[in-house]
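# Coordinate inspection notes
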Amino acid sequence: MIKLIIGLKGSGKTKFLMDSINDAVKNSSGCVVAIERGQNLRYDVDHSVRLIDIDEYDISDFNAFYGFLAGLAAGNYDISDIFVDATFKIGGRDYDAFAKMTDKLKRLCEDYNICMTFTASCEKEDLPERVHKFIVER
C-alpha cells in the first residue's frame, strides 16, 4: 500500500508523519523505517524506528530512489512500513517521474507486504491524476 501526505510547507505534514510512524511502531509486528534528509525526526519518533538520512546515499532522482527502496525491501523481509519525509527534496520536483516510481512501488509493496508513506510539498492539482488515489485525507 502507498500513502501520500500532501500540502504546502507548514501545513503539518511532518507532524502527521511522525504520529503515523509512532502508531506503526505500536501496531506493527515488523520493522519500521523512516527516511529523511538530515535528522529532523531523530528525537520525535520511537527509538526502535530505523532512521535513514538519505543524504548519505547520494540519491538525486526517482529512479535511484526506487532502487534504494527496492534494496531495502530485498535486504530485510521484516520491514512492514517505510515512511519518507520531504519526497521532492530527495528525488526532485519531477511529478511525472514520481508517479512512475509509485507505479513500480505499488507492485513492490504488494509483493513484500509493505506500506510506504510519503510526504510531498505540493497541491493535489500538481500531481498526475493516477497518484491521487494514494492521497491521505487528514
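Our structure's up above, just so we're on the same page.
This part is about the overall build of the protein chain. Per the secondary structure count, the protein chain includes four helices and five strands. Counting helices and strands in the order they occur from the N terminus, the protein chain gives β-α-β-β-α-β-α-α-β. Whereas a compact globule of 138 residues would reach a radius of gyration of roughly 14 Å, the protein chain reaches 14 Å, a difference of no more than 12%. If one aligns the C-alpha atoms of the protein chain with their principal axes, the spans along those axes are about 35 × 30 × 30 Å.

What follows covers the sheet that holds strand β2 (residues 31-36). Spatially, the five strands line up as an open sheet ordered β1-β5-β4-β2-β3, and their pairing is parallel. In this open sheet, the two edge strands, each paired with only one partner strand, are β1 (2-7) and β3 (50-53). For this sheet the average axis-to-axis angle between neighbouring strands, irrespective of direction, equals 15°. The pairing of β2 with strand β4 (residues 79-84) spans five bridges and is classified as parallel. The residue of β4 that forms the bridge with V32 is D81.

The next subject is unusual backbone geometry. Of note in the backbone geometry, D58 takes a positive phi value of approximately 55° without being a glycine. Within the secondary structure, D58 sits in the loop between β3 and α2 (62-75). On the basis of relative accessibility, which here comes to 69%, the residue D58 falls in the exposed class. Even without glycine at this site, A86 takes up a positive phi of about 60°. With respect to the helices, strands and loops of the structure, A86 is situated in the loop between β4 and α3 (87-91). Among the residues examined, A86 registers a relative accessible area of 23% and is labelled partly exposed.

Reading guide: rules and limits
Residues numbered from 1 in each chain as written. Predicted model: local features only at pLDDT ≥ 70, side-chain atom pairs only at ≥ 80, totals over all residues. Heavy atoms only, no water. Helix = DSSP H or I, 4+ residues; strand = E, 2+ residues; numbered from the N terminus. Rg over C-alpha atoms; globule rule 2.2 N^0.38 Å. Pairing = 2+ DSSP bridges. Axes fitted to C-alpha atoms, helices over the stretch in contact; angles between N-to-C directions. Buried < 20%, exposed > 50% of the residue type's maximum accessible area, 1.4 Å probe, protein only.

Nothing here speaks to function; it is all geometry.
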